[in-house]
Amino acid sequence: MELTVLPCGDRALLVEVADGAAVEALRSALERSPLPGQRELVPAARTVLVLLDRQPTDLDVGVLRRLPAGPAGDVPEGALVELPVLFDGPDLADVAALTGRDVTALVRDLSAVELTVAFGGFAPGFAYLTGLPADLHVPRRDTPRTRVPAGSVGLAGPYAGAYPRASPGGWQLVGRTDAVLFDVDRDPPALLVPGTRVRLREVG
């Protein structure tokens, strides 16, 4: 895979890749064959931060540059989380229209697809879920909301996600969940961590 490796502080390397598929390939490869002293991987949209318990070396950089181009087949499949969702979001009808469906068909299709947590960001516990078919990709709202309630489930571009706490946001809101997405007393605190498989289970 084509990538750029940059130093990040004195105990980490930031690996820049082409796209989300390459991020997943890199994460999978490093979970299968971690660098010596590897402590944590932090994936993002086009980068993976590799945290070590020591100072990185030129040997580490060389290993990263020689990683295979595809995901490792023997990495265990991520755990499955069923997220209970009441599909009553204020943008549900608009999203249905944008995707050429009625609301019933939209809810059926969103409930049928298996999503994967690609990375976290924006707020503690917020997970960017990939796996939506292209015909369910919708743009962000033209005007973001100043307050999106905690638990809101939304779509934006190729991603789905659920807001762990009230915050501003511009995603198209299709429903809400009462799942606890982030709890500092839980290990790990985030319910949805990279690699987790997610299904949106209709309730109500």
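Peer 1: Looking at this structure, how should I read the overall build of the protein chain?
Peer 2: In terms of regular secondary structure, the protein chain is built from 4 helices and 13 strands. Relative to its length of 204 residues, the protein chain is compact, with a C-alpha radius of gyration of 18 Å against a globular reference of 17 Å. Within the structure as shown, the protein chain displays about 10400 Å² of accessible surface, and the carbon and sulfur contribution to it stands at 53%. Computed over 20 positive and 26 negative side-chain charges, the separation of the two mean positions in the protein chain equals 2 Å.

Peer 1: Just to check I follow, could you spell out the packing of aromatic side chains for this structure?
Peer 2: Two descriptors summarise a pair of aromatic rings, namely the distance from one centre to the other and the angle between the planes of the rings. Scanning the model with the defined rule gives 9 aromatic pairs in all. With centroids separated by 5.3 Å and ring planes inclined at 90°, the aromatic side chains of Phe126 and Trp171 adopt a geometry described as edge-to-face. Highlighted residues: Phe126 in the loop between β6 (115–120) and β7 (127–130) and Trp171 in the loop between β11 (167–169) and β12 (172–176), separated in sequence by 45 residues. Trp171 carries the same exposure label as Phe126, and that label is buried. An angle of 65° between the planes, with centres 5.7 Å apart, marks the rings of Tyr128 and Trp171 as edge-to-face. With Tyr128 in strand β7 and Trp171 in the loop between β11 and β12, this pair connects stretches of sequence that are 43 residues apart. Accessibility assignment for this pair places Tyr128 and Trp171 in one class, buried. Each member of the aromatic cluster is reached from another via a ring pair, and the members are Phe119, Phe122, Phe126, Tyr128, Tyr159, Tyr163 and Trp171.

Peer 1: Would you explain helix α4 (residues 103–112) in this entry?
Peer 2: For an α-helix the count is 3.6 residues per turn, leaving residues at separations of three or four pointing the same way. Along α4, the residues that are buried comprise Ala105, Leu106, Val107, Asp109 and Leu110. Here the buried face of α4 lies against α3 (92–98), β9 (152–156), β12 and β13 (197–202).

Peer 1: Looking at this structure, how should I read the sheet that holds strand β2 (residues 12–16)?
Peer 2: Two orientations exist for strands paired in a sheet by backbone hydrogen bonds: parallel and antiparallel. Ordered by their spatial adjacency, 4 strands build an open sheet running β1-β2-β4-β3, and the pairing between neighbours is antiparallel. Each edge of the open sheet is held by one strand with a lone partner, namely β1 (4–7) and β3 (38–43). Between one strand and the next, the sheet's axes are offset by a mean angle of 20°, whatever the strand orientation. Inspection of the sheet shows β2 paired to strand β4 (residues 47–52) by 5 bridges, in the antiparallel sense. Of the residues in β4, the one forming a bridge with Glu16 is Thr47. Together, β2, β3 and β4 form the strand contacts of helix α1 (residues 20–32), whose direction differs from that of β3 by roughly 165°. Its contacts with the sheet put helix α2 (residues 58–65) on β1, β2 and β4, and the angle it makes with β2 is roughly 25°.

Peer 1: How do you make sense of α1 when you look at a structure like this?
Peer 2: Between its first and last C-alpha, α1 extends 18 Å over 13 residues, near the 18 Å set by a 1.5 Å rise per residue. For α1, every residue scored as buried is listed here: Ala22, Val23, Ala25, Leu26, Arg27, Ser28, Ala29 and Leu30.

Peer 1: When you look at the pattern of salt bridges in this model, what are you seeing that I'm missing?
Peer 2: Under the definition given, this model contains 12 salt bridges. The salt bridge involving Glu82 is made with Arg201; its shortest N-O contact spans 3.2 Å. Here the residue Glu82 occupies a position in strand β5 (residues 80–85), and Arg201 occupies one in strand β13, the gap between them amounting to 119 residues. Taking relative accessible area as the criterion, Glu82 reaches 43% and is therefore assigned partly exposed. It is possible to trace a salt-bridge network through shared partners that takes in Arg101, Arg108, Asp109 and Asp135.

Peer 1: Any chance you could explain the environment of Asp10 here in plain terms?
Peer 2: Within the secondary structure layout, Asp10 lies in the loop between β1 and β2. Residue class for Asp10 comes out exposed when judged on its relative accessible area of 56%. For the pair Asp10 and Pro56, spaced 46 residues apart in the sequence, the C-alpha separation amounts to 7.3 Å. Discounting chain neighbours no more than four positions away, the residues touching Asp10 are Arg54, Gln55 and Pro56.

Peer 1: Looking at this structure, I do not really get the pairing of β6. What am I missing?
Peer 2: Look at any regular strand and the pattern is simple: side chains alternate between the two faces of the sheet. Relative to β13, β6 runs antiparallel, the two sharing 2 bridges. Bridge pairing in β13 links Leu115 to Val198. In this sheet, β7 lies alongside β6 in antiparallel orientation, the contact comprising 4 bridges. Bridge pairing links Thr116 to Thr130 in β7. Here β6 folds back onto β7 in antiparallel fashion, the turn holding 6 residues, of which Phe122 has a positive phi close to 75°.

Conventions and cut-offs
Residue positions are given per chain, counting from 1 as you read along its sequence in written order. Whole-chain, interface and lining totals are the exception, using all residues; otherwise, since this is a predicted model, local features are given only for residues with pLDDT of at least 70 and side-chain atom pairs are given and counted only at 80 or more. With hydrogens and water set aside, each side-chain value is computed from the structure's full complement of heavy atoms. Only runs of H or I of at least four residues qualify as helices and only runs of E of at least two qualify as strands under DSSP, and these elements are numbered from the N terminus. Here the globule rule is a power law, 2.2 Å times the number of residues to the power 0.38, and the radius of gyration is based on C-alpha atoms. Working definition of accessibility: Shrake-Rupley area with a 1.4 Å probe, residue cover restricted to the visible protein chains. A residue counts as positive if it is Lys or Arg and as negative if it is Asp or Glu; His and the chain ends are not included. Charge positions come from single atoms, namely NZ of Lys, CZ of Arg, CG of Asp or CD of Glu. Put simply, two rings from Phe, Tyr or Trp (the six-membered ring, in Trp's case) pair if the centres are within 6.5 Å, and we call them stacked under 30 degrees between planes, edge-to-face over 60, tilted for the rest. Only protein chains enter the calculation, and the probe is 1.4 Å; a residue is then buried if its accessible area is under 20% of its type maximum, exposed if over 50%, and partly exposed in between. Here, residues are in contact when the closest pair of their heavy atoms is within 4.5 Å. Criterion used throughout: strands pair if DSSP finds at least two bridges between them. Axis geometry follows a simple rule: fit a line to the C-alpha atoms, using only the stretch in contact for helices, then measure angles between N-to-C directions, giving values from 0 to 180 degrees. One less than the number of residues in a helix, times 1.5 Å, gives the span that helix is expected to have. Each reported salt bridge corresponds to a side-chain nitrogen of Lys or Arg within 4 Å of a carboxyl oxygen of Asp or Glu.

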